[in-house]
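# Survey of secondary and tertiary structure
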Amino acid sequence: MLENIAIILVNTTHPGNIGGVARAMKNMGLGDLRLVEPKLFPHEDAVARSSGATNLLDNAQLFSSLEDALADCQLVVGTSARERHIPWPLINPRELAAIAAPLPQSQRLAVVFGREDRGLTNEELQLCHHHVNIPTNEQFSSLNVAAAVQVITYELRMAALGQSQQTEKPQWGTRWDIELASHQELELMFEHLEQVLIETEFLDPDNPRQLMPRLRRLLMRSVPDKVEVNVLRGILKSVQRKTATSGNVVVPESGRDEEIDGHR
Ligand code: SAH
């Protein structure tokens, strides 16, 4: 299970923190470190703080966007030190570990960590299924990013150790019949949904308000699998076919028909 967990750092300012994260990860048996636009990397401070976990730094993958870093992950959680404008399903690290431990081998979990000064943006947090908060002192809630990685990976390790001693655990994910949708499949679905809602004039692109974040939260809360996403895309297609035949809306060339199962 620990091999299937990616730790993603977004826009890290201090390279020393990247080294601290590599060390924390290696201590807990994790190896997949992904960096989204770090300010300074590679850097000697990262090597120094890694205390010998340099193989994680050498193997760290660099990405120019969080979306790219998440593309092959099925379950995405974002970490946050505080409540945000639109609250998302919020869990603590132990609850995260209980969700992650029974995930099948084929599923990859991403845990996303934010910038030292201002954490993750609302848009970045809205890419996630769940938000994880380490229940710190409310008057002094923000941990150093490497310390936050340490706490969360410790819980993941404890759950992995416990899991290996137990047999079947009747938890979500254990006997799920279908693979979860990947991050990329979910993003294509949200793009498609937004497009259809604009076509039907339910969504005004000049005044979108919080409609897409709210729909995103509703659908992400259910952690959809591949077939469910295909069914939703098929429904959206059927709406587009109808609105196209009613005469006034042109179906844009999405070029994704082949990805959508027909359910007719
Ligand atoms: N001022 C920022 C804190 C950034 S701390 C904010 O309010 O969001 C840098 C990163 O460490 C955060 O983005 C998050 O990934 C992690 N982190 C720090 N404290 C945390 C906590 N109590 N719970 C979960 N993650 C935390």
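As the structure is a prediction and not an experimental result, all values here were calculated from the model.

Moving on, we get to the site of the ligand. Surveying the vicinity of the ligand reveals 21 residues, the closest of which are Thr-79, Arg-82, Gly-114, Ile-134 and Leu-143. A distance of 2.5 Å is found between an oxygen atom of the ligand and a side-chain nitrogen or oxygen belonging to Thr-79. The contact in question runs from an oxygen atom of the ligand to an N or O atom on the backbone of Gly-114, over 3.0 Å. Taking 540 Å² as the accessible area of the ligand by itself, protein coverage stands at 93%. Counted by class, the shell around the ligand contains seven nonpolar, eight polar and six charged residues.

What follows is about the nonpolar core. Ranked by internal contacts, the top residues of the largest apolar core, which has 42 residues, are Ile-7, Leu-9, Leu-33 and Leu-109. Those elements giving two or more residues to this core turn out to be strand S1 (5-10), helix H1 (15-27), strand S2 (32-36), helix H3 (54-59), strand S4 (75-79), helix H5 (93-100), strand S6 (109-113) and helix H7 (145-165). Among the elements that make up this core, the one with the highest residue count is H7 (eight residues). Apart from the residues within four sequence positions on either side, Ile-7 is in contact with Val-21, Met-25, Leu-30, Asp-32, Leu-33, Arg-34, Val-111, Phe-113, Val-149 and Thr-153. In terms of nonpolar packing, the next biggest core, distinct from the first, is built from 15 residues, Leu-70, Cys-73, Val-76 and Ala-110 among them.

Right, let's talk about the pattern of salt bridges for a bit. A complete count under the given rule lists seven salt bridges for this structure. The salt bridge partner of Glu-155 is Arg-94, with a shortest N-O separation of 2.9 Å. Separated by 61 residues along the polypeptide, Glu-155 in helix H7 and Arg-94 in helix H5 bring together distant segments of the chain. Judged by its relative accessible area of 12%, Glu-155 is buried. Ionic pairing is found between Arg-115 and Glu-124, a salt bridge with its closest N-O pair at 2.8 Å. Comparing Arg-115 with Glu-124, the two get one shared label, buried. The structure contains a network of salt bridges with shared partners spanning Asp-32, Arg-34, Asp-72 and Arg-108.

Time to look at the packing of helix H8 (residues 183-199) against helix H10 (residues 226-245). The geometry of H8 relative to H10 is characterised by a closest axis approach of 10 Å and an angle of 20 degrees between their N-to-C directions. Our classification of the angle between H8 and H10 gives roughly parallel. Two packed elements cross with a definite hand, and for H8 against H10 that hand is left-handed. Contacts from Glu-185, Leu-186, Leu-188, Met-189, His-192, Leu-193, Gln-195, Val-196 and Glu-199 of H8 reach H10 at Lys-226, Val-229, Leu-232, Arg-233, Leu-236, Lys-237, Val-239 and Gln-240.

Moving on to the packing of H8 against helix H9 (residues 211-221). Here H8 crosses H9 at 135 degrees, and the two axes come no closer than 11 Å. Classified by the angle between their axes, H8 and H9 sit oblique to one another. Of the two elements, H8 crosses H9, and the hand of that crossing is right-handed. From H8, Leu-186, Glu-187, Met-189, Phe-190, Leu-193, Glu-194 and Leu-197 reach across to H9, where they touch Leu-211, Met-212, Leu-215, Arg-216, Leu-219 and Met-220. Its residues assigned to classes, the contact of H8 with H9 comprises 10 nonpolar, no polar and three charged.

Parameters at a glance
- Every chain's residues receive numbers from 1 upward, in the order its sequence appears when written.
- pLDDT decides what is reported in this predicted model: residues at 70 or higher carry local features, side-chain atom pairs at 80 or more are listed and counted, and totals for whole chains, interfaces and linings draw on all residues regardless.
- Processing note: side-chain calculations cover all non-hydrogen atoms of the structure and skip hydrogens and water entirely.
- Any residue with a heavy atom lying within 4 Å of a molecule or strand is counted as near it.
- The term polar contact refers here to a pair of N or O atoms within 3.5 Å; inside protein, the definition further demands a hydrogen-donor-capable atom paired with an acceptor-capable atom, and it admits residues adjacent in sequence only when both atoms are side-chain atoms.
- Residue burial considers only the protein chains on display, and all accessible areas are found by Shrake-Rupley using a 1.4 Å probe.
- Gly falls in the polar group here, along with every residue not listed as nonpolar (Ala, Val, Leu, Ile, Met, Phe, Trp, Tyr, Cys, Pro) or charged (Asp, Glu, Lys, Arg).
- Working definition of a nonpolar core: buried Ala, Val, Leu, Ile, Met, Phe, Trp, Tyr and Cys residues. They are joined through side-chain atoms within 4.5 Å.
- The classification of residues rests on relative accessible area computed with a 1.4 Å probe and restricted to protein chains. Under 20% of the type maximum is buried, over 50% is exposed, and intermediate values are partly exposed.
- Working definition: helices are DSSP H or I runs of at least four residues, strands are E runs of at least two. Numbering for both runs from the N terminus.
- In what follows, residue pairs with any heavy atoms lying within 4.5 Å of each other are defined as contacts.
- For this document, the term salt bridge refers to a Lys or Arg side-chain nitrogen within 4 Å of an Asp or Glu carboxyl oxygen.
- Every axis corresponds to a line fitted to the C-alpha atoms, with the helix fit spanning only the stretch in contact, and the corresponding angles, defined between N-to-C directions, vary from 0 to 180 degrees.
- Roughly parallel means an angle under 35 degrees; roughly antiparallel means over 145; roughly perpendicular covers 65 to 115; every other angle is labelled oblique.
- Handedness of each helix crossing follows the sense of rotation of the near helix against the far helix: counterclockwise by less than a right angle gives left-handed, clockwise gives right-handed.

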